[in-house]
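If you want the building blocks of each chain, they are given just below.
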Amino acid sequence: MSTIEIEGKTIEVGGDGFLIEPDIWDKELARLIAKYDGIEELNEKHWAIINIIRDNYEKKGMAPMIRVICKETGLKLREIYQLFPLGPARGACRVAGLPKPDGCV
Amino acid sequence: MEKITKDKIECGLEVLKRLQDSKLISHLNSCVHCGLCADSCLYYLATGDERMIPAGKVDMVSAIYRRYCTITGKVFPALVGARELDDTNIREMVDLLYGACTMCGRCVKHCSIGVDIEYVIRTGREMLAKMGYVPESLQATVDAALTSGNNMAIPDEDFLDTIEWMEEELQDELNDPTATIPINQPGKNILYTLNPREPKFFPLSISAMAKIFYAAKESWTLSTGMYDVTNYAYFSSHPGHSRIIAQRMYDELQKMQAKKLVLAECGHGARANRWEGPNYIGREFPETVTSVELIAGYIKSGRIRPDRELNREVVTLHDPCNLVRSGGIVKEQRYILKNTVKNFVEMTPHGMDNFCCGGGGGQLAMSEYNDRRIKIAGIKAEQIKKTGAAIVATPCHNCVDQLSQINVTYRLNVQIKTMAEIVADSLIIEHP
Ligand code: SF4
Ligand code: SF4
């Protein structure tokens, strides 16, 4: 177990910086994790991505395919990579409070 | 960690005892403690922690061997530095053999007498795997592959939907509505594979490779039955699991009646299928090549004609350990870059002596050792910075992920790309 310290708050995360308890996630936590990654402010596009990921996780228990994120938000692939420089998994899914996906991510 | 039991000890020792394996026995016994391997290992270099010296990792396994498999060790264990297989030692083994080794093999090349350190470490992992001590997050990735057929547990319909999407993108780019990404078509020349992170999160390399196949007028197909090039059981080193996964690839190739298997850009995938695969399943694989070799061949024979002017930024190359050190594939990726980019610069050291990105050996999947993984990558970050390159190309999706993460952490400000993306960017497709 590990922690993220930001704005004087301490967030408990797993070794990889993903929340251990996805249920404690809220918008404020998302803002803090993003800030920790160097994303100063979450704009509308960030939120559109986060909401899709969160929604998919709550319904299906896993992160959505990037295909679904693009389709539902209408954003281009490259735009998503720019919005979350750490990528859809280590960036967006982590901000959305998901556990770390398996595999090479 | 679950407590050790007598049964577990037996399972672990079986690995050492079954080995009337003269190779293992000589590698377990021949270290002369010269210390030369220390500076080859990025864990020791980055941390200065003497526990991380490769010879010490070898000794973890050989001390157990001495304790249970030699007469003096059985009678006077202290005399020969023998160790019990108890909870403390197992914890230490897990921490060092899984948690402090990327199986990069660099130490092997530097060992003064040629001890196959990595092989011994793998044997130690095999013992731990048999006893049930694979780190949880690594085991989760193996389990996902075993139960779902791919290591990210992507359902078939999601996979197909993504391939269709990439096909549309390809048609747009090529301005040809007949361009395809063939799927489930038997009797093709090539059965192509993917790393599941491509369809799941990073599909640009799929359309890039499809563009290359299009330009080369290749006969190829993907298959829903088995497309996962990875074999994470190679990292957990559980022989039963790695056999199941390798066998699946073999069977799919038979089923699809493809002439050859082409392995996507994946260092350990190349190793686990092409070089270890036949050992796992006890029979030869049909012709199996990496996509790097295939693309280099296309360029050499003139089947594709890249234009270097289309890639003008400075590009450097990261060599995946499994491709260069264990596979001997060193020239092909350089040949490709020299023909597809204007400014190619090497890092120092490179090729056979290259440093691991820090994400090998299953480290990317193991959350338990995340901080270490990022720390040891400082060496790679420095190497990249010194080249002054704007793009780092690497023929391995696992390396791509690690490099992308250190790109942010160490503020490198570069782009990380697969070879397929670089090559695709250098191709102009002429329509008749
Ligand atoms: S294989 Fe690589 S990481 Fe492992 S001990 Fe040797 S040099 Fe270190
Ligand atoms: S270089 Fe080889 S012989 Fe020397 S300490 Fe390391 S493993 Fe032992």
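To start, this report covers the structure provided alongside it.

The rules behind each value
- Residues numbered from 1 in each chain as written.
- Chains lettered and ligands numbered in written order.
- Predicted model: local features only at pLDDT ≥ 70, side-chain atom pairs only at ≥ 80, totals over all residues.
- Heavy atoms only, no water.
- Helix = DSSP H or I, 4+ residues; strand = E, 2+ residues; numbered from the N terminus.
- Rg over C-alpha atoms; globule rule 2.2 N^0.38 Å.
- Buried < 20%, exposed > 50% of the residue type's maximum accessible area, 1.4 Å probe, protein only.
- Contact = heavy atoms within 4.5 Å.
- Patch = residues over 30% accessible without salt bridge, like charges linked within 9 Å, V, L, I, M, F, W, Y side chains within 5 Å.
- Areas by Shrake-Rupley, 256 points an atom, 1.4 Å probe, with all protein chains shown as cover.
- Salt bridge = Lys/Arg side-chain N within 4 Å of Asp/Glu carboxyl O.
- Buried area = accessible area lost by both parts, 1.4 Å probe.
- Polar contact = N/O pair within 3.5 Å; in protein donor to acceptor, adjacent residues only side chain to side chain.
- Nonpolar A, V, L, I, M, F, W, Y, C, P; charged D, E, K, R; others polar.
- Pairing = 2+ DSSP bridges.
- Axes fitted to C-alpha atoms, helices over the stretch in contact; angles between N-to-C directions.
- Near = heavy atom within 4 Å.
- Lys, Arg positive; Asp, Glu negative; His and termini not counted.
- Charge placed at Lys NZ, Arg CZ, Asp CG, Glu CD.
- Expected span 1.5 Å × (residues − 1).
- Disulfide = S-S within 2.5 Å.
- Parallel < 35°, antiparallel > 145°, perpendicular 65-115°, else oblique.

On to the overall build of chain B. When helices and strands are tallied, chain B shows 23 helices and eight strands. The C-alpha atoms of chain B give 22 Å as radius of gyration, which agrees with the globular expectation for 432 residues (22 Å, within 12%). Its C-alpha atoms put chain B at 80 × 45 × 35 Å along the principal axes. Sorting the 432 residues of chain B into buried and exposed places 62% on the buried side. When contacts within chain B are restricted to residue pairs at least 6 apart in sequence, long-range pairs at least 24 apart make up 80% of them.

The next subject is a nonpolar patch on the surface. A surface patch of nonpolar side chains, amounting to about 470 Å² of accessible area, comprises I71(B), V75(B), F76(B) and L79(B). Inspection of the secondary structure assignment puts V75(B) in helix α5 (residues 71-75).

So, on to the interface of chain B and chain A. Tallying the contact residues gives 34 residues for chain B and 27 residues for chain A. Taking both partners together, chain B and chain A bury about 2600 Å²; carbon and sulfur atoms supply 61% of that area. Counting the surface chain B buries against chain A, the share from its top three residues, W165(B), K200(B) and F201(B), is 27%. Applying the counting criterion to the chain B and chain A interface returns four salt bridges. Note that D161(B) and R67(A) form a salt bridge whose closest N and O atoms lie 3.8 Å from each other. Counting across the chain B and chain A interface gives nine residue pairs in polar contact (both at pLDDT 80 or more). Of all the secondary structure elements, the ones that give two or more residues to the side of chain B that touches chain A are α9 (136-148), α10 (156-174), α11 (197-200), α20 (370-376) and α22 (397-409) of chain B. With six residues, the top contributor of residues to the side of chain B that touches chain A is α10(B). Here the side of chain B that touches chain A is built from residues that sort into 19 nonpolar, eight polar and seven charged.

Residue and element names in this part refer to chain B. Taken in spatial order, the four strands line up as β6-β5-β7-β8 in an open sheet, and their pairing is parallel. Whereas interior strands pair on both sides, the edge strands pair on one side only; in this sheet they are β6 (343-345) and β8 (415-417). Taken pair by pair, the neighbouring strands of this sheet meet at an average axis angle of 30°, ignoring direction.

The next subject is the site of ligand 1. Taken together, C41(B), Y43(B), P54(B), K57(B), C101(B), T102(B), M103(B), C104(B), G105(B), C107(B) and I121(B) make up the full set of residues adjacent to ligand 1. Taken together, the residues that form the shell around ligand 1 break down as eight nonpolar, two polar and one charged.

Another point: the environment of G282(B). Position of G282(B) relative to the elements: it lies in the loop between α16 (277-281) and β4 (288-290). Between the C-alpha atom of G282(B) and that of R243(B), which follows or precedes it by 39 residues, the distance is 9.2 Å.

Another point: the site of ligand 2. Taken together, the neighbourhood of ligand 2 is formed by C31(B), V32(B), H33(B), C34(B), G35(B), L36(B), C37(B), A55(B), C111(B), S112(B), I113(B) and I117(B). Classifying every residue of the shell around ligand 2 by side-chain character gives nine nonpolar, three polar and no charged.

What follows concerns a negative patch on the surface. Taken together, the side chains of E164(B), E168(B), E169(B) and D172(B) present a region of like negative charge at the surface. Checked against the element boundaries, D172(B) lands in helix α10.

This part is about the pairing of strand β5 (residues 314-317) of chain B. Residues and elements named next belong to chain B. The pairing of β5 with β6 spans three bridges and is parallel. Counterpart to V315 in the pairing with β6 is F344. Here three bridges tie β5 to strand β7 (residues 391-393), and the two strands are oriented parallel to one another. Across the sheet, residue V315 finds its bridge partner in β7, namely I391.

Time to look at helix α6 (residues 87-98) of chain B. Over its 12 residues, α6(B) runs 16 Å from end to end, which matches the ideal 16 Å to within 8%, given 1.5 Å per residue. For α6(B), the full list of buried residues reads D87(B), N89(B), I90(B), M93(B), V94(B), D95(B), L96(B), L97(B) and Y98(B).

As enumerated under the stated definition, the model contains 38 salt bridges over all chains in all. Notably, a salt bridge pairs E28(A) with K9(A), separated by 3.8 Å at the nearest N-O pair. Here E28(A), found in helix α1 (residues 27-36), pairs with K9(A), found in strand β2 (residues 9-13); they are 19 residues apart in sequence, far enough to count as distant. On the accessibility criterion, K9(A) (36% relative accessible area) is partly exposed. For the salt bridge of E309(B) with K342(B), the shortest nitrogen-to-oxygen distance reads 3.5 Å. Pair noted here: E309(B) is in the loop between α17 (291-300) and β5 and K342(B) is in the loop between α19 (331-340) and β6, with a separation of 33 residues, a long-range link. Overall, the relative accessible area of 38% leaves E309(B) in the partly exposed class. On the basis of relative accessibility, which here comes to 31%, the residue K342(B) falls in the partly exposed class. Because the salt bridges share partners, they merge into one network encompassing E7(A), K9(A), E28(A), R31(A) and K35(A).

On to the state of the cysteines, then. This model, assessed by the stated rule, comprises zero disulfides over all chains. C357(B) takes part in no disulfide bond, and the closest cysteine sulfur, belonging to C399(B), lies 4.0 Å away.

All names here are of chain B. The strand order across the open sheet formed by four strands is β2-β1-β3-β4, and the pairing between neighbours is parallel. Bordering the open sheet on either side are β2 (220-221) and β4, each of which pairs with just one other strand. Along the sheet face, α17 touches β1 (190-192), β3 (260-263) and β4 and points at about 80° away from the line of β4.

Next up on the list: the packing of helix α1 (residues 6-18) of chain B against helix α4 (residues 54-69) of chain B. Residue and element names in this part refer to chain B. One can describe the packing of α1 onto α4 by two numbers: an axis separation of 11 Å at closest approach and a directional angle of 85°. Judged on the interaxial angle alone, α4 and α1 are roughly perpendicular. From α1, L13, L16 and K17 reach across to α4, where they touch V61, I64, Y65, Y68 and C69. Classifying every residue of the contact of α1 with α4 by side-chain character gives seven nonpolar, no polar and one charged.

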